[in-house]
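If you want the building blocks of each chain, they are given just below.
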Amino acid sequence: MSFNTRYIFVTGGVTSSLGKGIIAASLAKLLQARGFTVTIQKLDPYINIDPGTLNPYEHGECYVTDDGAETDLDLGHYERFLNVRTSQANNVTTGRIYQSVIEKERKGEFLGKTVQVIPHITDEIKNRIKLLGKTGQYQFVITEIGGTVGDIESLPYIEAVRQLKWELGTDCAVVHLTLLPYLATSGELKTKPTQHSVKMLLEYGVQPDVLVCRSEHPIGKDIKRKIALFCNVSTEAVIEALDAPTIYEVPLLMAQEKLDETILAKLMVNNPSTLNLQRWNGFLEKYRHPSSEVVIGLIGKYVELKESYKSIAEAFIHAGAVNDCRVKLEWIHSDGLTEENVPEKLGKLQGVLVAPGFGNRGIEGKIAAIKYARENNIPFLGICLGMQCAVIEFARNVLGLKDAHSREMNPATTNPVIDLLEAQKNISHMGGTMRLGAYPCHIEEGTLAHRIYNASEISERHRHRYEFNNEYTSKFKAAGMVLSGINPAAGLAEIVEVPTNRFFIGVQFHPEYKSTVENPHPLFVSFVKAAMA
Ligand code: GLN
């Protein structure tokens, strides 16, 4: 039976940070739970080609896909909710749009014509949206438009939505997310900001089909009727979105409000299958009622901004639920850590995770934390820079190479146990040039990694320029560090372990990117288990 791909747009009004990504992911989850194939795309109105060159303080974590795209952290939510991989096509920025239009202009593809925002930029945006539909893999493409309606930057995107709405007719719907502020003095929820943001959308020629209203208090029928009256939507199309204790509850709240049913009716999809959220509910049940708790320290240099380590924090939620355990993360700044204060700061932890990162700041604190974890047999997981620090710590304190370092931090070290990748040596441009995306890794039998993965061949995602220096392999092996995972083509060490410890493992890749609600990552699951023991 043929099924026209349906396109759903999610826009935001009133203010940023309303959670468009979670609403988009929740709607996608509900459609998927009715048996449809769904993907989600994020359009970001900034000029960077991708968020890879932004520091985490600007934009939170940079999420990496299998195909090596450096993307917005919302793509992580999409994968975690849907358990479906995303790709480069799922995140497009204004920079990328302009870059391709300008390249086409230089090639002469618009010969004789003036290149303009409308139609050239808007056509490029529309093509990028329809690209995912054209793969034939998805019945629904949900496109989240970054930013807030009214921003100068997002105008071309809203214009593209207007045009597509016209072209696609009933195969297209627009969900607009707004805020109902609560005024404590009068004890009222106010609808005016919502009315204004819908008016602004209307000025651009876009009539939203559904309004999702974020609110701290229940909205009630009267307010829904009022919003419906002012905004040309039916009362059922005004959806209440209350603050939820966890993002994973949001699909259920949206199901109660019938967001999916309302959208399907708008898109003339008749007689959909019933909702099957059995696995999702199974996870939530365990998440809500854990029988134990562990405290794990997350040591990094961006800890004041938790968005920087989004995927790691979420991976612990998934892994905790499997273990029937709540993982309490203690966010510890590596900047302030020293060998002297480490016992006091880490003494009560049941596990230590050293986070990924770049640059010199906080590096000695990370190394001190790893030394403490190794010497006191505290379960340890090092990710990317965290793994590199474990190698440096081992070199300094076990091999006795006192000045051992990464060339990233100390280019002049006489013991560069972590060195620039060969393939990186002639690279001058910073954007999109790291070792990125999924690479295979062979795991040696009889190692901790093999027990964790229960497999010899795995694939994990990378984002780095530096790597374990194989000139030191025999020294490390002789002193008891096991290089348990190797990239077969390049011979790069991807996993290191100290087998005399209960659980001490560092990985050059980022397992956190691949953990989903329905597929928690085995490394996190085993790490939490070790912390519980
Ligand atoms: N800065 C290190 C490198 O480039 C580690 C990167 C990371 O942790 N993602 O190799």
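All figures in this text were calculated on a predicted structure; none of them were measured in a lab.

Conventions used here
- Residues numbered from 1 in each chain as written.
- Predicted model: local features only at pLDDT ≥ 70, side-chain atom pairs only at ≥ 80, totals over all residues.
- Heavy atoms only, no water.
- Buried < 20%, exposed > 50% of the residue type's maximum accessible area, 1.4 Å probe, protein only.
- Helix = DSSP H or I, 4+ residues; strand = E, 2+ residues; numbered from the N terminus.
- Pairing = 2+ DSSP bridges.
- Contact = heavy atoms within 4.5 Å.
- Axes fitted to C-alpha atoms, helices over the stretch in contact; angles between N-to-C directions.
- Phe/Tyr/Trp six-rings, centres within 6.5 Å; stacked < 30°, edge-to-face > 60°.
- Lys NZ or Arg CZ within 6 Å of the ring centre and 35° of its normal.
- 1 Å grid on protein atoms, 1.4 Å probe; cavity = no way out; pocket = protein on both sides within 12 Å on 5 of 7 lines; lining within 4 Å.
- Points joined across faces, edges and corners; volume = space filled by probe spheres on them.
- Nonpolar A, V, L, I, M, F, W, Y, C, P; charged D, E, K, R; others polar.

1. A look at helix 3 (residues 74-82)
Most of helix 3 sits inside the fold, with 9 of its 9 residues counted as buried. Turning to helix 3, its buried residues number three or more, namely Asp74, Leu75, Gly76, His77, Tyr78, Glu79, Arg80, Phe81 and Leu82. Positive backbone phi, at 60°, marks asparagine 83, one or two positions downstream of helix 3.

2. Focus on the sheet that holds strand 20 (residues 466-468)
Overall, mixed pairing links the 3 strands, which are arranged 16-17-20 in an open sheet. The open sheet has two edge strands with one neighbour each: strand 16 (405-406) and strand 20. In the sheet, strand 16 pairs with strand 17 (residues 416-420) via 2 bridges, with the strands oriented parallel. Paired with serine 406 across the strands is isoleucine 418, a residue of strand 17. Most of the contacts of helix 15 (residues 385-397) go to strand 17, to which it runs at about 150°, and overall it touches strand 16, strand 17 and strand 20.

3. Looking at the packing of aromatic side chains
Given two aromatic rings, their pairing is described by the distance between the two centres and the angle made by the two planes. Applying the stated criterion across every chain yields a total of 19 aromatic pairs. Ring centres 5.1 Å apart and planes at 75° place the aromatic pair tyrosine 63 and tyrosine 513 in the edge-to-face group. Taken as a pair, tyrosine 63 in strand 3 (residues 63-64) and tyrosine 513 in the loop between strand 23 (504-507) and helix 18 (522-532) lie far apart in primary sequence, 450 residues in all. For tyrosine 63, a relative accessible area of 0% corresponds to the buried category. The class of tyrosine 513 is buried, set by a relative accessible area of 4%. Members of the aromatic cluster, each reached through a chain of ring pairs, are Phe81, Tyr248, Trp280, Phe283 and Tyr287. The ring of tyrosine 287 carries arginine 326 above its face, with NZ or CZ at 5.0 Å from the centroid.

4. Some remarks on empty space enclosed by the protein
Leftover empty space is mapped by rolling, across the atoms, a probe with the size of a water molecule. Under the counting rule described, the total for this entry stands at 1 cavity of 30 Å³ or more. Taken together, Thr39, Ile40, Tyr78, Glu79, Leu82, Val84, Arg85 and Thr86 make up the lining of the largest cavity. At the level of elements, strand 2 (38-44) and helix 3 are the ones that each hand at least two residues to the lining of the largest cavity. In terms of residue count, the dominant contributor to the lining of the largest cavity is helix 3 (3 residues). Taken together, the residues of the lining of the largest cavity sort by class into 4 nonpolar, 2 polar and 2 charged.

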